[in-house]
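Structure at a glance
What follows is each chain in one-letter form.
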Amino acid sequence: MFIRLSAAIAALSLLGSAALAQGAKPTDPQIAHIAYTAGVLDINAAKQAITKASNKDVKAFAQDMVRDHEAVNKQALDLVKKLKVTPEDNDTSKTLSKQAADKLAELNKLKGAEYDKAYVANEVAYHKAVNGALETQLIPSASNAELKSLLQTGLKIFQGHQQHAEQVAAKLK
Amino acid sequence: MRSGRCLPFLAVLLGATVLPAHAATIQITIDNLVFAPAEVTAKVGDTIEWINKDVFAHTATARNGDFDVTTPPKKTVTSVLKKAGSVEYYCRYHPNMKAVLTIAP
Ligand SMILES: [Cu+2]
């Protein structure tokens with residue numbers, strides 16, 4: 001179980017950074033798409049958790065994820081509208097979506113405490129990967145100041161989620 | 001006529017001089033995931049006005065359990081300080097948000 005989990009985490013961070021590392025730095029329309037997609041994927045995972053989780057802290061955490069990521073994504077939508085930017089699909093967004101779909105299917109097979117643990121562990125890993133991408137790739141590459149600032153706020157929120165997930169994970173042990 | 005007007009005025013004046021002397025209202029702003037000021041001193045009985053300027057919900061949760069205030073997005077919530085102590089508090093949703101409230105008896 002532990003080995004499988006570590007392998008999954010390693011695969012996630014590897015894929016995340018590999019996808020982001022390839023080629024030139026992402027453009028603002030691509031960055032907007034990646035950030036928005038990352039939020040949607042976490043909302044999807046959270047919605048699954050709201051129906052599947054048995055632990056009340058895990059359920060509450062999932063509800064927090066839906067609320068915060070929806071708030072961030074609403075701001076992102078408002079901003080791209082204001083800047084007249086059309087988010088552009090790209091390989092990183094595609095890789096993230098593919099990985100998330102696989103993870104969702106994998107989690108769907110689990111039940112009870114096993115599901116709770118796996119969901120929270122993946123939340124820690126996922127936020128870690130997204131935060132790494134924000135810090136090293138997306139924020140430095142963003143050229144529009146407002147987009148950069150929104151990504152910085154997003155980073156603070158997601159760092160909070162990562163710590164929150166780590167606390168929930170510690171309590172599950 | 002004259003005394004009838006004078007009496008309530010006197011009562012208000014007296015009340016006014018007695019009450020605010022030990023109950024202040026202190027504002028703590030939450031903006032872009034930061035509590036400001038990060039360190040506040042207050043007294044038991046003071047009211048804290050938690051002003052959340054973010055589009056996110058936050059909490060101000062005492063580590064020692066003395067208070068737990070939830071601040072919805074773009075809302076101001078008030079709470080009255082009931083216990084003395086130097087209290088570290090944080091946001092339960094975003095534990096990277098931290099600050100200190102020192103409450104004198
Ligand atoms: Cu918060």
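A quick note: this is a predicted structure, and the numbers were derived from the prediction, not measured.

What counts, and at which threshold
Residues numbered from 1 in each chain as written. Chains lettered and ligands numbered in written order. Predicted model: local features only at pLDDT ≥ 70, side-chain atom pairs only at ≥ 80, totals over all residues. Heavy atoms only, no water. Donors = N, O, S within 2.8 Å, 3.2 Å for Na, K, Ca; no water. Tetrahedral: all angles 85-135°; square planar, octahedral: opposite > 155°, others 65-115°. Helix = DSSP H or I, 4+ residues; strand = E, 2+ residues; numbered from the N terminus. Buried < 20%, exposed > 50% of the residue type's maximum accessible area, 1.4 Å probe, protein only. Pairing = 2+ DSSP bridges. Axes fitted to C-alpha atoms, helices over the stretch in contact; angles between N-to-C directions. Salt bridge = Lys/Arg side-chain N within 4 Å of Asp/Glu carboxyl O. UniProt positions renumbered as here; feature names shortened; annotations may be inferred. Left-handed = near helix turned anticlockwise from the far one by under 90°. Contact = heavy atoms within 4.5 Å. Nonpolar A, V, L, I, M, F, W, Y, C, P; charged D, E, K, R; others polar. Phe/Tyr/Trp six-rings, centres within 6.5 Å; stacked < 30°, edge-to-face > 60°. Expected span 1.5 Å × (residues − 1). Arc of directions from axis to C-beta. Polar contact = N/O pair within 3.5 Å; in protein donor to acceptor, adjacent residues only side chain to side chain.

Residue and element names in this part refer to chain B. Every protein donor of the copper ion is listed here as His58 (ND1), Cys91 (SG), His94 (ND1) and Met97 (SD), and their distances to the metal cover 2.0 to 2.7 Å. Around the copper ion, the 4 donor atoms are arranged such that angles at the metal cover 88 to 132°; this shape is classified as tetrahedral. Positions of the donor residues of the copper ion, expressed as sequence spacing, correspond to H-x32-C-x2-H-x2-M. Taken as a pair, His58 in strand S5 (residues 58–62) and His94 in the loop between strand S8 (85–90) and strand S9 (98–104) lie far apart in primary sequence, 36 residues in all. Residue classification places His58 among the buried residues on the basis of a relative accessible area of 0%. Judged by its relative accessible area of 0%, His94 falls in the buried class.

For the rest of this paragraph, the subject is the sheet that holds S5(B). Residue and element names in this part refer to chain B. Read across the open sheet, the 5 strands follow the order S3-S9-S8-S5-S6; overall the sheet is mixed. Each edge of the sheet is formed by a strand with only one pairing partner; in this case those strands are strand S3 (39–43) and strand S6 (68–71). Each neighbouring strand pair of the sheet contributes to a mean axis angle of 25°, computed without reference to strand direction.

Right, let's get into the pattern of salt bridges. For the structure on display, the rule yields 12 salt bridges over all chains. Across the pair A:Asp89 and A:Lys94 runs a salt bridge whose closest N-O atoms are separated by 3.9 Å. Take A:Asp89: its relative accessible area is 40%, and that puts it in the partly exposed class. Residue classification places A:Lys94 among the partly exposed positions, given a relative accessible area of 47%. B:Arg63 is the partner of B:Glu88 in a salt bridge, and the nearest nitrogen-oxygen pair spans 3.5 Å. Separated by 25 residues along the polypeptide, B:Glu88 in strand S8 and B:Arg63 in the loop between S5 and S6 bring together distant segments of the chain. Take B:Glu88: its relative accessible area is 48%, and that puts it in the partly exposed class. Because the salt bridges share partners, they merge into one network encompassing A:Lys56, A:Asp57 and A:Lys171.

Next up on the list: the UniProt feature "domain: DUF4142" (unreviewed entry) in chain A. Feature annotation in UniProt places "domain: DUF4142" (unreviewed entry) on residues 27–167 of chain A, given in this structure's numbering. Spanning residues 27–167 of chain A, this segment combines 88% helix with 0% strand, and its end C-alpha atoms are found 35 Å apart.

Attention now goes to the sheet that holds strand S1 (residues 25–31) of chain B. Residues and elements named next belong to chain B. In space, the 4 strands of this open sheet follow the order S2-S1-S4-S7, with mixed pairing throughout. Whereas interior strands pair on both sides, the edge strands pair on one side only; in this sheet they are strand S2 (34–36) and strand S7 (76–80). Across this sheet, the average inter-strand angle for adjacent strands is 20°, counted without regard to direction.

Looking now at the packing of helix H3 (residues 56–83) of chain A against helix H5 (residues 112–141) of chain A. Residue and element names in this part refer to chain A. At a closest axis distance of 10 Å, the pairing of H3 and H5 adopts a crossing angle of 35°. The way H3 lies across H5 gives a crossing that is left-handed. Residues Val58, Phe61, Ala62, Met65 and His69 of H3 form the contact with H5, whose own contacting residues are Asp116, Tyr119, Val120, Glu123 and His127. In the contact of H3 with H5, the residues fall into 6 nonpolar, 2 polar and 2 charged.

Once that is clear, we can look at the packing of aromatic side chains. Residue and element names in this part refer to chain B. Under the defined criterion, the tally for this structure stands at 7 aromatic pairs over all chains. The interplanar angle of 40° and the centroid separation of 6.2 Å between the aromatic rings of Trp50 and Phe67 together place this pair among those described as tilted. Taken as a pair, Trp50 in strand S4 (residues 47–52) and Phe67 in the loop between S5 and S6 lie far apart in primary sequence, 17 residues in all. The exposure classification of Trp50 matches that of Phe67, with both residues buried. Centre to centre, the rings of Trp50 and Tyr89 are 5.4 Å apart; their planes meet at 80°, and the pair counts as edge-to-face. Linking Trp50 in strand S4 with Tyr89 in strand S8, this pair joins segments that are 39 residues apart in sequence. Residue Trp50 shares its accessibility class with Tyr89, and that shared class is buried.

Residues and elements named next belong to chain A. Taking 1.5 Å of rise per residue, the 18 residues of helix H4 (residues 91–108) would be expected to cover 26 Å, and the 26 Å separating its terminal C-alpha atoms lies within 8% of that figure. Those residues of H4 that fall on the buried side of the exposure criterion are Thr92, Ser93, Leu96, Gln99, Ala100, Lys103 and Leu107. Seen along its axis, H4 keeps its buried residues to an arc of 135°; they face one direction. Sitting at the amino-terminal end of H4 is Asn90, which places a side-chain oxygen 3.0 Å from the backbone nitrogen of Thr92.

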